[in-house]
Amino acid sequence: MSGKVHVMDHPLVAHKLTILRDKDTSVKDFREIVSEIGMLITYEATRDLPLTTKEVETPICRTIAPTLKGKKFAVVPILRAGLGLVDGVLRMVPSARVGHIGMFRDEETLEPHVYFCKMPKDIAERDIMIVDPMLATGGSAEAAITEMKKRGCKNIKLMVLLAAPEGVERIQKAHPDVDIYCGAVDDHLNEHGYIVPGLGDAGDRIFGTK
Ligand code: URA
């Protein structure tokens, strides 16, 4: 069975994605909205976090109320564009640890290779959220998931703003245990590997490097 694709069906996400798609959106607004959508997707992607209860005293009475069980969680941005989503995840899960993974593409084979991977020591015990704004061919995400599995991680999710059907299919085939959380699934990839209609180069738009 392949992993589920959770497409955010929410007017706030749809509205904010449209602002990101607009080529005239400023770097400042783009960055802020990437972070906001990151928060909204995190809300959905953490639905299965386990709860326990604790006793609290309200101004009115004592009561037993739900509280997070404290499952260990880590967000793993794929460098560089994934950095844009970290803040949104951390605002929702402030105790999360952050691991970083960087990849380059072999010019001959076109396959991604990991050049940097710095993870918390106990990464294998943590639930992992890999974040990257664009799931295009799926090559980097596939390699990042493989790397995390090599390090013993078992419970892995992938968060993206936009996905191409080609990337979704690749992840579902290579890592059927990984669910994808995304703002929208777009139409297709063009001959340059860009998502259509997409939003252009997410890294350039987050960091203002174009
Ligand atoms: N990476 C991007 O930043 N944009 C795309 O459309 C595809 C990959």
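Residues numbered from 1 in each chain as written. Predicted model: local features only at pLDDT ≥ 70, side-chain atom pairs only at ≥ 80, totals over all residues. Heavy atoms only, no water.

Where an unreviewed UniProt entry is consulted, the protein appears under the name Uracil phosphoribosyltransferase, with the organism given as Dysosmobacter welbionis. Taken verbatim from the UniProt record of the protein, the Function (unreviewed entry) comment is "Catalyzes the conversion of uracil and 5-phospho-alpha-D-ribose 1-diphosphate (PRPP) to UMP and diphosphate." In the Pathway (unreviewed entry) part of its UniProt record, the protein is described as follows: "Pyrimidine metabolism; UMP biosynthesis via salvage pathway; UMP from uracil: step 1/1." (UniProt positions renumbered as here; feature names shortened; annotations may be inferred.)

Helix and strand content of the protein: six helices and 13 strands. Rg of the C-alpha trace for the protein: 18 Å, near the compact-globule value of 17 Å for 210 residues, within the 12% margin. Each of the three principal axes of the protein carries a C-alpha extent, and together these read 65 × 40 × 35 Å. A burial count over the protein gives 45% of its 210 residues as buried. Relative to all contacts within the protein whose residues are 6 or more apart in sequence, the contacts with residues 24 or more apart total 62%. Just so you have it, the protein exposes about 11,400 Å², and 54% of that area is on carbon and sulfur atoms. (Helix = DSSP H or I, 4+ residues; strand = E, 2+ residues; numbered from the N terminus. Rg over C-alpha atoms; globule rule 2.2 N^0.38 Å. Buried < 20%, exposed > 50% of the residue type's maximum accessible area, 1.4 Å probe, protein only. Contact = heavy atoms within 4.5 Å. Areas by Shrake-Rupley, 256 points an atom, 1.4 Å probe, with all protein chains shown as cover.)

According to UniProt, the positions carrying the feature "binding site: 5-phospho-alpha-D-ribose 1-diphosphate" (unreviewed entry) are Arg80, Arg105, Asp132, Pro133, Met134, Leu135, Ala136, Thr137, Gly138, Gly139, Ser140 and Asp201. Within the secondary structure, Gly138 sits in the loop between β9 (134–135) and α4 (139–150). Since its relative accessible area comes to 5%, Gly138 is described here as buried. Mapping Ser140 onto the fold places it in helix α4. Its relative accessible area of 31% is what places Ser140 among the partly exposed residues. Those residues in contact with Ser140, other than ones at most four positions away along the chain, are Ile78, Met103 and Pro112.

This part covers helix α2 (residues 27–45). The end-to-end C-alpha distance of α2 is 26 Å, a good match for the 27 Å that 19 residues give at a rise of 1.5 Å each. Among all positions of α2, only Phe30, Ile33, Val34, Ser35, Ile37, Gly38, Met39, Ile41, Thr42 and Ala45 are buried. Among the structural elements, α1 (11–21), α3 (83–92), β8 (127–131), β10 (156–163), β11 (179–185) and α6 (202–207) are those in contact with the buried residues of α2. (Expected span 1.5 Å × (residues − 1).)

To continue, consider the nonpolar core. Membership of the largest hydrophobic core comes to 33 residues, with the highest contact counts inside it found for Leu17, Leu20, Ile37, Val131 and Leu161. Elements represented by at least two residues in this core include exactly α1, α2, β4 (73–79), α3, β8, β10, β11 and α6. Among the elements that line this core, the one with the most residues is α2, at six residues. Those residues within four positions of Ile37 in sequence are excluded, and the remaining contacts are Val13, Lys16, Leu17, Leu20 and Leu161. Among the nonpolar cores identified, the runner-up in size contains 26 residues, and Ile101, Ala143, Ile156 and Ile171 belong to it. (Core = buried A, V, L, I, M, F, W, Y, C linked by side-chain atoms within 4.5 Å.)

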